[in-house]
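Survey of secondary and tertiary structure
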Amino acid sequence: MKKLYFFAAGCAAFILLIAANKSTKHPYGLKTGTAAVQSISALAFGPDGILFIGDSRSATVFAIDTKDKTSVEKAAAVEIKNIDQKIAAALGTEAKNIRILDIAVNPLSKKIYCAVQSSDGTPVLLALEGDKMQTINFKDIAFSNISIANVPGEDAKDKGGRPLRDQSISDLGYADGSVLVSGLSNQEFGSTFRKIAFPFTEKQEQASLEIFHAAHGKYETNSPIRTFTTAELNGKKYLVASYTCTPLVLFALEELKPGKHVKGRTVAEFGAGNSPIDMVTLKKDGNSYLFMANSNRPVMRVNYKSIETYEGTLTEPIKESYATAGVNFVTLPAVNVLQMDKLDETQVLVLQRRANGDLDLWTATGDRWI
Amino acid sequence: MDIIVTFPINHKMTRLPVIWGLVFSFLFIGCFEKKSDQMVAIEWEGKQPRGIRIPLKLLPGISYDSVGQLVHIQLPNTKTPILGEYSIMEDALLFRPVIAFTRGLKYEVRISDKLLSEIEIPLDSTLTVPEVGCIFPTSDTVPLNLLKIYILFSKPMQEGQSLDKIKVIRNRLDTIPSVFLDLQPELWNKQRTILTLWLDPGRIKRDLQPNKAMGSPLQQGASYQILIRKDWRDVEGVPLANDYRQNFVVGLRDSLSPATESWKIHTPKPATTQPLKIELQESLDYVLLKNAVRIHDDKRNVINGDIEIGTEEKILVFIPSVAWNAGKYWVEVESRLEDLAGNNLNRLFDKDLSKPGKGEQKQVYKRSFHVQ
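Residues numbered from 1 in each chain as written. Chains lettered and ligands numbered in written order. Predicted model: local features only at pLDDT ≥ 70, side-chain atom pairs only at ≥ 80, totals over all residues. Heavy atoms only, no water.

So, about the nonpolar core. All names here are of chain B. Of all hydrophobic cores here, the largest spans 37 residues; its most connected members are Ile149, Ile151, Phe153, Ile166, Leu218, Ile228 and Trp232. Elements represented by at least two residues in this core include exactly strand E8 (132–136), strand E10 (148–153), strand E11 (166–170), strand E13 (187–188), strand E14 (194–198), strand E15 (223–228) and strand E16 (244–250). In this structure, Leu284, Ile303, Ile307 and Tyr329 belong to the second largest nonpolar core, which totals 30 residues. (Core = buried A, V, L, I, M, F, W, Y, C linked by side-chain atoms within 4.5 Å. Buried < 20%, exposed > 50% of the residue type's maximum accessible area, 1.4 Å probe, protein only. Helix = DSSP H or I, 4+ residues; strand = E, 2+ residues; numbered from the N terminus.)

Written out as structure tokens, the structure is:
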């Protein structure tokens, strides 16, 4: 009889354990613990308040649950003057000792998340609400992660003791159930672009792509993508990528498959001595516009319609100095824009170094920019 | 010079003062301990000021739940409480800021907006000064289409400073802008001791608009000096010891991929740890030579050892950890190995589509050698 009681108690405990496990199971397979984030190079929001963090130092992409899921249709315009000084004061240091590495807006709540690095390399993730700042603690947080240290497709035997490659994550995005990661190597000059299905699993096929673009149909280069976005053109989904040498190149998303040599279509060149920084898409009156911030040029605006109608690829060299080629674009009166993200369908969040040296976070409206 | 004066001692006479001295010392230490118990102090983790310790005696009547609202640490002249965590450690409240406190700055401890204490984080005089070890390529002549340089530092450096701290001077006269690509984040190794800088690839790639408009970043036949300013600081805030300068002249364009078949291999003797020396016939990429070349035996066992790069990155020396056996070995080179112009073993930096390309696309290139 005693044995029977023990057996029944054991069964009950087991059922309770299973039930408890079931009730805490995260829909995206995230587990609670400490996310060992060593650096924050890029941020991007996925579904349901999931924030992806590109960590170059540990060659890892983290997915963390911000639990920030309250939907807000229209965001209030943001204006924080001298944001670097305000962040520095909240971190107990001076503005010269911190750098803002990326800014991402949660598309659901429209809350702003900001990646900051102190001069000793400590990464900090801040959530901004008006003038108030709050740190996102990586302890006791629901997260999952995936390593991007290995070159996909290379098995252990092929690697033959080769050291892991250092690379810097240059941009991160989420589209169609996949995390897209572009990387810059600090060794070889080449493109590393990955498409990783989310939720992450332990055994995961990662697509690593060789992405090429051509200059005027004469020369072809494998070059690193600096920043990218995704867009639908003529009913087809595209990766819109900009390179360290500023051509704007389109790739059909459906063609991005593992081990493939994908050749993109160069639709524009945005001039010399410049490196693209960020891209966002805004809509107005049924039209979509691409905005691109640059290291040495003002923000540029391109109507997606002109990309759709530009069927060719650049074939003729440009003769004019500092001229640009391909689809038409408009330069906006916004220089030294260091970061940009979409605040909502009609507003862009802009981090800009002003002419007087101030670093301000402000909101550009579609009415002003389109 | 120290002068030591000695006096003859009468032990009987000294006993009483010694006893009183000891009593006084204990009392003094007791007072000191009592005082330090009541002082706000810095918590150190190695050389890092990682927290502030506030004795609970200084916080009468404050409950644990209200600590976050009532106790604030802040910089003077700001009304912004510093972000961090509070915890109770035995008889003190410990505040740990999100990032370490900054040396040389003063911090205020405030309770209900009243100043309790001000504490200054001292500067560290024991820190070592960072130095520039080397700039690669080391050759005094570089190709017209030089793609990148590496700068090696002795300590981890502060990021985001490179374009401000590095200047390029042409023909000893002009400081020229836009030689290096403005890339944020910068390309550092994990230790932040090696910085990779690319010359603007848009200007190197033939026929791309920036190349047509502005030409190559470097001019053939011109001489250049790279100047690294000494006000560049390391992660501990210490600036470089001196300005660093390196000169080079610009030669012809390099439009050929490196060819491993032209490498001259000097084989070592068996039962020795003599180095294997390879003459590369041209300057190749320093970091890739260190990372993309391996030696293995005929059974594909990797031979452990160190790779050293010799004169002008034209020589690779492999020093094995254990003695060579007689037999066949392989030098295995990943195809990503590049020359100074970014041409790798498989392809040129920019491929001319009107000309037939190199048909063979291998992941690794191999050369065998015999130890005998």
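From this point, the narrative continues.
To continue, consider the pairing of E15 of chain B. Residue and element names in this part refer to chain B. The buried fraction of E15 is high, at 5 of 6 residues. Of the strand pairs in this sheet, E11 and E15 are connected by 5 bridges, and their pairing is antiparallel. Bridging across to E15, Val168 finds its partner in Ile226. Where E15 lies against E16, 6 bridges are found, and the strand directions are antiparallel. Bridge assignment links Ile228 to a residue of E16, and that residue is Tyr244. (Pairing = 2+ DSSP bridges.)

Looking now at the pattern of salt bridges. Residues and elements named next belong to chain B. All chains considered together, the criterion is met by 30 salt bridges over all chains. One salt bridge in this structure joins Arg53 and Glu43, with 3.3 Å as the shortest N-O distance. Linking Arg53 in strand E2 (residues 48–55) with Glu43 in strand E1 (residues 41–45), this pair joins segments that are 10 residues apart in sequence. (Salt bridge = Lys/Arg side-chain N within 4 Å of Asp/Glu carboxyl O.)

Turning to the side chain of Asn287 of chain A, a few remarks are in order. Residue and element names in this part refer to chain A. With respect to the helices, strands and loops of the structure, Asn287 is situated in strand E22 (residues 287–294). The buried category is assigned to Asn287, whose relative accessible area is 17%. There is a polar contact of 2.9 Å between the side chain of Asn287 and the side chain of Lys305. (Polar contact = N/O pair within 3.5 Å; in protein donor to acceptor, adjacent residues only side chain to side chain.)

Further remarks concern empty space enclosed by the protein. Evaluated as defined, the whole model comprises 7 cavities of 30 Å³ or more. Roughly 260 Å³ of volume is contained in the largest cavity. Forming the walls of the largest cavity are 20 residues, and the residues nearest its centre are Ser41, Ser56, Arg57 and Ser168 of chain A together with Glu159 of chain B. Among the secondary structure elements, those contributing two or more residues to the lining of the largest cavity are strand E6 (98–105) and strand E11 (167–175) of chain A together with E13 of chain B. Here the lining of the largest cavity is composed, by residue class, of 5 nonpolar, 8 polar and 7 charged. (1 Å grid on protein atoms, 1.4 Å probe; cavity = no way out; pocket = protein on both sides within 12 Å on 5 of 7 lines; lining within 4 Å. Points joined across faces, edges and corners; volume = space filled by probe spheres on them. Nonpolar A, V, L, I, M, F, W, Y, C, P; charged D, E, K, R; others polar.)

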